[in-house]
Amino acid sequence: MADSDSSESSEPSAGSRVFNERCVIVGGGIAGVSCAEELSRLAPDASIEVVCGAPLVKAVTNFRQVGRSLAEFEVNEKHLAYLTNKCPNIRVYNSSAVSFLPASKVIQVSDAAYHPYRKLCICTGAVPKIIAKDHPRVIGIRDTESVEEFQKKLVDARRIMVVGNGGIATELVYEVSGCEVVWAIKDKSIGHAFFDEGAATFFLPHLETPHHSAESAAGKPAEAKPLKRTNQTKALSSS
């Protein structure tokens, strides 16, 4: 979290984290919601505002500590009122940040309102790289809205290409059925960010065989196999 006032000589110590300031958090994803909840816990007297462009926020539920450094939890979408009901000193605004005015310590949002702040935390996440921006056949999967758009286009699709080797791409390749899937990656193995090449070699046969389903058991035609084409991804990435 950034303090726009550089004249302050020191930050609050670990033992004196309760402060009475206006904090603005931009972003209603898991990072922004977790930040707001933790600030509310550490500073119950602070005025916390969350600026969220979507009508829903993402929250951690069913948290369970399963080890010293390992926890299990679920991420679910909640109504905007979830945060205000849980933390009385949090207010949520369904708007998108348009501009930042650091000299005045103010942000402007899409409904022409201005939100002054003392502390500002930007939790908007990364912007996905889109191969062909605004192309009707190219979709960048990032949030619920983009997933819903993808589902609509997938209904009549006979062949799709998944470009990327992260968690979303890996899950898409495994879950999509009923059409041919071409998987274009730039790494030497699938799931490069999550497991090594040896593990990827072990998982690959599970992608190259049809999903076990009631349809396959009934003798219906097998689903198309995903294809891994590393060279094609390199060509797309360089354009």
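Residues numbered from 1 in each chain as written. Predicted model: local features only at pLDDT ≥ 70, side-chain atom pairs only at ≥ 80, totals over all residues. Heavy atoms only, no water.

1. Section: the overall build of the chain
- When you go through the chain residue by residue, the secondary structure sums to seven helices and 13 strands.
- Among the 239 residues that make up the chain, the fraction classed as buried is 28%.
- Taking all contacts inside the chain whose residues are at least 6 apart in sequence as the whole, residues at least 24 apart take part in 54%.
- Approximately 15,400 Å² of the chain is accessible, and the part contributed by carbon and sulfur atoms is 53%. (Helix = DSSP H or I, 4+ residues; strand = E, 2+ residues; numbered from the N terminus. Buried < 20%, exposed > 50% of the residue type's maximum accessible area, 1.4 Å probe, protein only. Contact = heavy atoms within 4.5 Å. Areas by Shrake-Rupley, 256 points an atom, 1.4 Å probe, with all protein chains shown as cover.)

2. Section: the pairing of strand β12 (residues 180-184)
- Extensive coverage of β12 is indicated by the burial of four of its five residues.
- Of the pairings in the sheet, the one linking strand β11 (residues 159-163) to β12 comprises five bridges and is parallel in character. For Met-161, the partnering residue across the bridge sits in β12 and is Val-182. (Pairing = 2+ DSSP bridges.)

3. A few points about helix α1 (residues 30-42)
- Over its 13 residues, α1 runs 18 Å from end to end, which matches the ideal 18 Å to within 8%, given 1.5 Å per residue.
- On its buried face, α1 is in contact with β2 (22-26), β3 (47-52), β4 (56-65), α2 (81-86), β6 (90-94) and β10 (119-122). (Expected span 1.5 Å × (residues − 1).)

4. Topic: the side chain of Glu-37
- If you trace the backbone, Glu-37 turns up in helix α1.
- Overall, the relative accessible area of 18% leaves Glu-37 in the buried class.
- Apart from residues lying up to four places away in sequence, Glu-37 is in contact with Tyr-82, Leu-83, Lys-86, Cys-87 and Ile-90.

5. Thoughts on the sheet that holds strand β9 (residues 114-116)
- Taken in spatial order, the three strands of this open sheet run β7-β8-β9, and their pairing is antiparallel. Of all strands in the sheet, those bounded by a partner on one side alone are β7 (97-101) and β9. Taking the axes of each pair of neighbouring strands and ignoring which way they run, one obtains an average angle of 20° across the sheet.
- Here strand β8 (residues 106-109) pairs with β9 via three bridges, running antiparallel. (Axes fitted to C-alpha atoms, helices over the stretch in contact; angles between N-to-C directions.)

6. Regarding the pattern of salt bridges
- Counted under the stated rule, the structure contains seven salt bridges.
- Residue Arg-22 is joined to Glu-49 by a salt bridge in which the shortest nitrogen-to-oxygen separation is 2.5 Å. Taken together, the positions of Arg-22 in strand β2 and Glu-49 in strand β3 put the pair 27 residues apart, joining distant regions of the chain.
- Residue classification places Arg-22 among the partly exposed residues on the basis of a relative accessible area of 31%.
- One salt bridge in this structure joins Glu-49 and Arg-91, with 3.0 Å as the shortest N-O distance. In this pair, Glu-49 is assigned in strand β3 and Arg-91 in strand β6, connecting sequence segments 42 residues apart.
- Among the ionic contacts, a cluster of salt bridges with common partners joins Arg-22, Glu-49 and Arg-91. (Salt bridge = Lys/Arg side-chain N within 4 Å of Asp/Glu carboxyl O.)

7. A word on the nonpolar core
- Ranked by internal contacts, the top residues of the largest apolar core, which has 20 residues, are Ile-25, Ile-48, Val-50 and Ile-90.
- Elements with a contribution of two residues or more to this core: β2, α1, β3, β4 and β6.
- Residue contributions to this core peak at four residues, all from α1.
- What Ile-48 contacts, discounting residues up to four positions off in sequence, is Cys-23, Ile-25, Ala-36, Leu-39, Ser-40, Asn-89, Ile-90 and Arg-91.
- In terms of nonpolar packing, the next biggest core, distinct from the first, is built from 14 residues, Leu-172, Trp-183, Ile-190 and Leu-207 among them. (Core = buried A, V, L, I, M, F, W, Y, C linked by side-chain atoms within 4.5 Å.)

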